[in-house]
Every structure is written in structure tokens, then in C-alpha cells.
Amino acid sequence: MEELLKYMSVYLVSTVKFIGGPLAGVSLGLSYLETVFLTVLGMMTSVLVFSYIGRQASKWYAAYRRDRQKPVFSRRSRRIIRIWRNFGVVGVAFFTPILLSPVFGTVVAAVFGAPRRKIFLHMLWSGTIWSFILTALVYRFEEMALLYL
């Protein structure tokens, strides 16, 4: 039961914030490959869910910002538009694990009209590559990483 809770912790953290998976994995004493797998699985769960509800979530968020009279474009949104114009769904997928969250990156790709299949494919390779890299870095610098938890 304790092992299952560890797995679920890494998985659930990764659905919201990608770097949280490797940090949780090392702090809970999971192996490198377990952490990589659970981090990718968590991200891909968010991608699957939000690729279906991304456009609706975006419409809700736009209405929310309008009601609060917040500006349409922010520094962050301009940066995301620049990434989309230059690199498309591949660029958004590449930067999602390190700059965006799995939820936000997927919503961005969905809002710009990327097909679900492409979103899923590109987020999968990106999440897998970044999971191996970030988990390796966290495990390599474990002592320093644990200071920040």
C-alpha cells in the first residue's frame, strides 16, 4: 500500500507540474526508471484529458478574464504566440515540460487548432525525452534538490 501511494504521488504531481515528478520520485526513494515512467504517464494523462476539453477550457478562461477586465495579451501569452508561429505544435510540445505545465501546453495546442493525434504524439516524445533528462539531473544532484523540497 505504501508503494502504491508513492507511485500515485509522483503520477499525480506530474499531471499538473512536470518537474514535480522527478522531484517527488527522488524524495520518495523511487528508482530512476520508475520515476521516468510515472512522470511521462502523469503528463500524458493531462494531455489526454485536456486535448479533449482544451478549447472549452480556453473559452471559459477568456470569459473569466473579460469579466475581471484583465488585458487580453500578457507578456507570457505573447511569448507563447511567438513559439506557436515559429515552431507550431512541435515547439509547444518541446517547451511544455520545462516552461509550461502539461495542462497549459495542451490547452495552448488545442486552442491553436492542432489535431488531437498530433498533440498526443508530440507531447509523448517531448515528455519522454524531458523526463529522462530532468530525472537524470534531479537524481544526479539529489542532495541539492532535496534542500528545495
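The structure we're discussing is the one just above.
Reading the values: the criteria
Residues numbered from 1 in each chain as written. Predicted model: local features only at pLDDT ≥ 70, side-chain atom pairs only at ≥ 80, totals over all residues. Heavy atoms only, no water. Helix = DSSP H or I, 4+ residues; strand = E, 2+ residues; numbered from the N terminus. Buried < 20%, exposed > 50% of the residue type's maximum accessible area, 1.4 Å probe, protein only. Contact = heavy atoms within 4.5 Å. Areas by Shrake-Rupley, 256 points an atom, 1.4 Å probe, with all protein chains shown as cover. Lys, Arg positive; Asp, Glu negative; His and termini not counted. Charge placed at Lys NZ, Arg CZ, Asp CG, Glu CD. Polar contact = N/O pair within 3.5 Å; in protein donor to acceptor, adjacent residues only side chain to side chain. Patch = residues over 30% accessible without salt bridge, like charges linked within 9 Å, V, L, I, M, F, W, Y side chains within 5 Å. Salt bridge = Lys/Arg side-chain N within 4 Å of Asp/Glu carboxyl O.

Peer 1: Looking at this structure, I do not really get the overall build of the protein. What am I missing?
Peer 2: In terms of helices and strands, the protein carries seven helices and zero strands. Along its sequence from the N terminus, the protein presents helices and strands in the succession α-α-α-α-α-α-α. Based on the C-alpha atoms only, the size of the protein along its principal axes is roughly 45 × 30 × 30 Å. A buried classification covers 38% of the 149 residues belonging to the protein. Excluding contacts between residues fewer than 6 apart, the proportion of contacts in the protein whose partners are at least 24 apart in sequence is 76%. Carbon together with sulfur atoms contributes 66% to the accessible area of the protein, which is approximately 9200 Å² in total. Charge centroids of the protein, computed over 18 positive and 6 negative side chains, lie 25 Å from each other.

Peer 1: Honestly, the side chain of T96 in this entry has me stumped. Any pointers?
Peer 2: Here T96 lies in helix 4 (residues 75-99). Discounting residues that sit within four places of it in the chain, T96 has contacts with M43, S101, P102, G105 and M123.

Peer 1: What exactly am I supposed to notice about the side chain of T135 here?
Peer 2: Among the secondary structure elements, T135 is positioned in helix 6 (residues 116-140). Looking at T135, its side chain comes within polar contact range of the main-chain oxygen of S131, at 2.7 Å. What T135 contacts, discounting residues up to four positions off in sequence, is P22, Y32, T35, V36 and W130.

Peer 1: Explain a nonpolar patch on the surface to me, please; I cannot follow it from the model alone.
Peer 2: A surface patch of nonpolar side chains, about 520 Å² in accessible area, is lined by L48, V49, Y52, I53, F120 and L124. Sorting the residues of the nonpolar patch by element identifies helix 3 (32-67) and helix 6 as the ones contributing at least two each. Here the nonpolar patch takes four residues from helix 3, the largest share from any one element. Mapped onto the elements, Y52 comes out in helix 3.

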